[in-house]
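Reading the structure
Chain by chain, the residues:
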Amino acid sequence: MAAKSPLTSRLLRRIEVNRDTDVDVDTFVNKDTRPLPPSRRPYGPWHFVGLWMVTGSFNVGGWTTGSSLISLGLNVWQAMLAIIIAHTFVGFVCVAGGHPGAKWHIGFPIWMRQNWGIWGYLFPMAIRVFLSFVWTATNTWYGSQCLKVLLTCIWPSFLHLDGDLANGAMKVYDMVSFVLYFILCLPLVWFSPENYKKPFMVASITVATTVFVLLIWSTVRADGGGALLRNTSAVSGVEPATGSALGWAFVSAVTANIGSIATHMWSQSDYTRYARRPGDQVLAQLVMVPLGTIIVACIGIICTSCATTLYPNEEGLLWNPYDFLDAVRRNEDNRGARAGVAFASIAFMLSQFGMVVASNLVVAGIDLAALLPRYFTVRRGGYFTIFFAFILQPWSLLNTATDFLTVVGSFNIFLGPLMGIMFADYFLIRRTTMKLTDMYTSNPSSLYWYTRGWNWRAAVAWVSGTWCLIPGLAQRAMASGDVWAGWTRLYQLAWFLGCIVSGGVYLGLDYFWPVPGRREVDAEDVFGTFGEGLGGMEEEIVGVDVCIEGKGVRDGIVKEKGRLSLEG
């Protein structure tokens, strides 16, 4: 390989980030990739409530959750039942996914080194970086549509920019709104994630108030819940599913709900690592994950239903909140309505800032910082990611409810197996222990070096849980209305099947070829993670079964003067 020119070397040195030199590890560590010290862990239980309200439910995606399921042939009540089942389950998965971050204060990419290997973790990271790019583009588009409604309320002539772009997928005013919303996001990326506490609370209160005001206004104006609630199929134009088709449609609805939030629950450690205490994340996720989504999805369905009664001349169901608000503006056509729609648009814009910046750009930034810690911080990674919003063209990605479900449903076939592996490894094999210093050791002395830096068990398990789902994905892409014998049915079970199969295969491989040092921990608090101001971490660690070189130790970790030591 040719040597780098002096100019290239100087440029690379100039863009390097500051390295943390207070830890003795052989990999490049910066402030965003190391286990967080107590001073950078400000999130308490209520901050996680605000986080989940904005990034998990009270946003554009949460509003459309129930309405989009109707395209599968479910009626309103069946769709709501599917949402309740799916998101109650998601709450428990989020708590499990956030456990390593809350306990060990590491980001998700570092955790992946434990079950995939020091180099093998690049594989799941490549998948997650791509998904972060997709969701950044999608949510930026949602936010820009809310901005378009706001601009139209202020300047109705804004809609005169109606020339076609992207083969008719959008108008000029859509592109203008997209660019403006993109620019508005840029200053927010500058702030570190620990500074998002107050913005989360402000955005969650604002959008929650707006959602309930829209519910009250709609039901009062429509004198009830609207036509969609009374006769779903007649209003939606979708033939109701019956018999076995209904059962499989319901399964698809549950799976699609999980798929729509799979990336978020997969990467919980990226935010739970900011928790003051390990338990601060638990109640917020067990309660707010299902409750928030159930409430917002229900309100979204009712408002969509009311719109069919109030505005029967509108084309199609107004399943997006910005479409609903724009219909109110057009049909009510008075100053009061325009002012109300403008304020509602601002509230949804704020919630989408949370989705774009906090839920996607921060996650992508953490990924890139872990992959290239010498050149990326969370901030730099966020700026790098947001520019891909133009490359992915979300205006073409999201056209109808069916297309939306196809996109998010496809994530299940990759993420389910990955989550099965990481849960089997962390909870069942290692009993929630990890050796932090070996996460940052890139040579064969690391416990997580495995075979040349790759844990082949994880690779075999992932393929085992994924291969049987690929034909179903192909059918969805090429012939969405067909049923390919058993392949389609397997795909409809994607997340559950992939998670169970891959987790089971991983456990089986470990039984015959055990992973080394499965319950080893550091003898010292090398990173200063469990120092003063620990806030209950001692209680979290004490009582964990630890196995050091095959010798069992219980209640063997005690804290003395900032040091973690092992006592037999």
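Residues numbered from 1 in each chain as written. Predicted model: local features only at pLDDT ≥ 70, side-chain atom pairs only at ≥ 80, totals over all residues. Heavy atoms only, no water.

This paragraph deals with the overall build of the protein chain. The secondary structure content of the protein chain amounts to 26 helices and six strands. Looking at the protein chain alone, contacts between residues at least 24 apart form 81% of all its contacts between residues at least 6 apart. For the protein chain, the accessible surface area stands at approximately 22,900 Å², while carbon and sulfur atoms represent 63% of it. (Helix = DSSP H or I, 4+ residues; strand = E, 2+ residues; numbered from the N terminus. Contact = heavy atoms within 4.5 Å. Areas by Shrake-Rupley, 256 points an atom, 1.4 Å probe, with all protein chains shown as cover.)

All right, on to the packing of aromatic side chains then. A full pass over the atoms with the stated rule returns 35 aromatic pairs. Their ring planes at 75 degrees and their centres at 5.6 Å tell us that Phe 376 and Phe 384 sit as a pair that is edge-to-face. With relative accessibility at 15%, the residue Phe 376 sits in the buried group. Both rings, one in Phe 512 and one in Trp 513, keep their centres 6.1 Å apart while their planes meet at 55 degrees; by these two values the pair is tilted. Classification of Phe 512 as exposed rests on a relative accessible area of 59%. (Phe/Tyr/Trp six-rings, centres within 6.5 Å; stacked < 30°, edge-to-face > 60°. Buried < 20%, exposed > 50% of the residue type's maximum accessible area, 1.4 Å probe, protein only.)

The next thing to look at is the nonpolar core. Membership of the largest hydrophobic core comes to 139 residues, with the highest contact counts inside it found for Trp 63, Trp 111, Met 265, Tyr 271, Phe 324, Phe 348 and Met 434. Per-element tally for this core: the top contributor is helix 15 (residues 335–371), with 13 residues. Sequence-distant contacts of Met 265, that is, excluding residues within four places in its chain, are made with Val 90, Val 93, Cys 94, Gly 97, Ile 258, Met 419 and Trp 495. Grouped together as the second largest cluster of nonpolar side chains are five residues, Cys 468, Leu 469, Tyr 491 and Ala 494 included. (Core = buried A, V, L, I, M, F, W, Y, C linked by side-chain atoms within 4.5 Å.)

With that out of the way, let us pick up helix 5 (residues 108–116). Burial within helix 5 is extensive, with nine of its nine residues counted as buried. Directly after helix 5, the chain includes Gly 117, whose backbone phi takes a positive value near 110 degrees.

As a further point, take helix 14 (residues 321–332). Here helix 14 spans 16 Å end to end across 12 residues, near enough to the 16 Å set by a 1.5 Å rise per residue. With nine of its 12 residues buried, helix 14 lies for the most part within the structure. Inspection of helix 14 places Pro 321, Tyr 322, Phe 324, Leu 325, Asp 326, Ala 327, Val 328, Arg 329 and Glu 332 among the buried residues, and these make up the whole buried set. (Expected span 1.5 Å × (residues − 1).)

Attention now goes to the side chain of Thr 33. In this fold, Thr 33 is placed in the loop between helix 1 (6–15) and helix 2 (45–57). Accessibility expressed as a relative area gives 7% for Thr 33, which makes it buried. Separated by 3.0 Å, the side chain of Thr 33 and the backbone nitrogen of Asn 30 make a polar contact. When neighbours within four sequence positions are excluded, Thr 33 is seen to be in contact with Phe 28, Ile 110, Ala 369, Ala 370, Pro 373 and Tyr 440. (Polar contact = N/O pair within 3.5 Å; in protein donor to acceptor, adjacent residues only side chain to side chain.)

A few words on the pattern of salt bridges. The final tally for this structure, using the stated rule, is 14 salt bridges. In this structure, Lys 171 engages Asp 164 in a salt bridge whose closest nitrogen and oxygen atoms are separated by 2.6 Å. Of the charged contacts in the structure, one is a salt bridge between Arg 330 and Asp 326, with a shortest N-O distance of 2.7 Å. Placement of the pair is Arg 330 and Asp 326 together in helix 14, with a separation of four residues, close to one helical turn. Here Arg 330 falls in the partly exposed class, since its relative accessible area comes to 38%. (Salt bridge = Lys/Arg side-chain N within 4 Å of Asp/Glu carboxyl O.)

This part covers the confidence of the model for the protein chain. With 89% of its residues at a pLDDT of 70 or more, the protein chain shows a mean pLDDT of 84. The weakest mean pLDDT in the protein chain belongs to strand 3 (residues 546–548) at 35; the strongest belongs to helix 22 (residues 456–466) at 96. Note that pLDDT drops below 50 for residues 533–568; the model gives that stretch 77 contacts with residues more than four away or on any other chain. (pLDDT = per-residue confidence, 0-100.)

For the rest of this paragraph, the subject is the environment of Thr 242. For Thr 242, the location among the structural elements is in the loop between helix 10 (232–236) and helix 11 (243–266). Here Thr 242 falls in the exposed class, since its relative accessible area comes to 57%. Expressed as a C-alpha distance, the spacing of Thr 242 and Leu 74, which sit 168 residues apart in the sequence, is 9.1 Å.

Its identity as a non-glycine residue notwithstanding, His 105 has a phi of 60 degrees, on the positive side. Inspection of the secondary structure assignment puts His 105 in the loop between helix 4 (76–104) and helix 5. The class of His 105 is buried, set by a relative accessible area of 1%.

Attention now goes to a nonpolar patch on the surface. A cluster of nonpolar side chains, Phe 92, Leu 283, Leu 286, Val 287 and Leu 291, forms an exposed patch at the surface whose accessible area comes to about 460 Å². Per-element tally for the nonpolar patch: the top contributor is helix 13 (residues 282–310), with four residues. Assessed through its relative accessible area of 61%, Leu 283 is described here as exposed. (Patch = residues over 30% accessible without salt bridge, like charges linked within 9 Å, V, L, I, M, F, W, Y side chains within 5 Å.)

All right, on to the packing of helix 4 against helix 13 then. At their nearest, the axes of helix 4 and helix 13 sit 8 Å apart, and the two run at 160 degrees to each other. Relative to helix 13, the element helix 4 is oriented roughly antiparallel. As helix 4 runs across helix 13, the sense of the crossing is right-handed. Contacts from Val 76, Met 80, Ile 83, Ile 84, His 87, Thr 88, Val 90, Gly 91, Phe 92, Cys 94 and Val 95 of helix 4 reach helix 13 at Val 282, Gln 285, Leu 286, Val 289, Pro 290, Thr 293, Ile 294, Ala 297, Cys 298 and Ile 301. Classifying every residue of the contact of helix 4 with helix 13 gives 16 nonpolar, five polar and no charged. (Axes fitted to C-alpha atoms, helices over the stretch in contact; angles between N-to-C directions. Parallel < 35°, antiparallel > 145°, perpendicular 65-115°, else oblique. Left-handed = near helix turned anticlockwise from the far one by under 90°. Nonpolar A, V, L, I, M, F, W, Y, C, P; charged D, E, K, R; others polar.)

This brings us to the side chain of Thr 441. Mapping Thr 441 onto the fold places it in the loop between helix 21 (436–439) and helix 22. Look at Thr 441 and you get buried, because its relative accessible area is 11%.

Turning to the packing of helix 20 (residues 412–429) against helix 22, a few remarks are in order. When two helices pack together, you describe them by how their axes are tilted relative to each other and by the distance separating the axes. Where helix 20 meets helix 22, the closest approach of the two axes is 9 Å, and the angle between their N-to-C directions is 140 degrees. Judged by the inter-axis angle, helix 20 sits oblique to helix 22. Crossing handedness for the pair helix 20 and helix 22: right-handed. Listed contacts from helix 22 to Ile 413, Phe 414, Pro 417, Leu 418 and Ile 421 of helix 20 are Ala 458, Ala 461, Trp 462, Gly 465 and Thr 466. Each residue belonging to the contact of helix 20 with helix 22 can be placed in one class, and the counts come to eight nonpolar, two polar and no charged.

One can find Asp 26 in the loop between helix 1 and helix 2. For the pair Asp 26 and Tyr 440, spaced 414 residues apart in the sequence, the C-alpha separation amounts to 6.8 Å. With sequence-adjacent residues up to four places away left out, Asp 26 is seen in contact with Arg 19, Tyr 440, Thr 441, Ser 442 and Asn 443.

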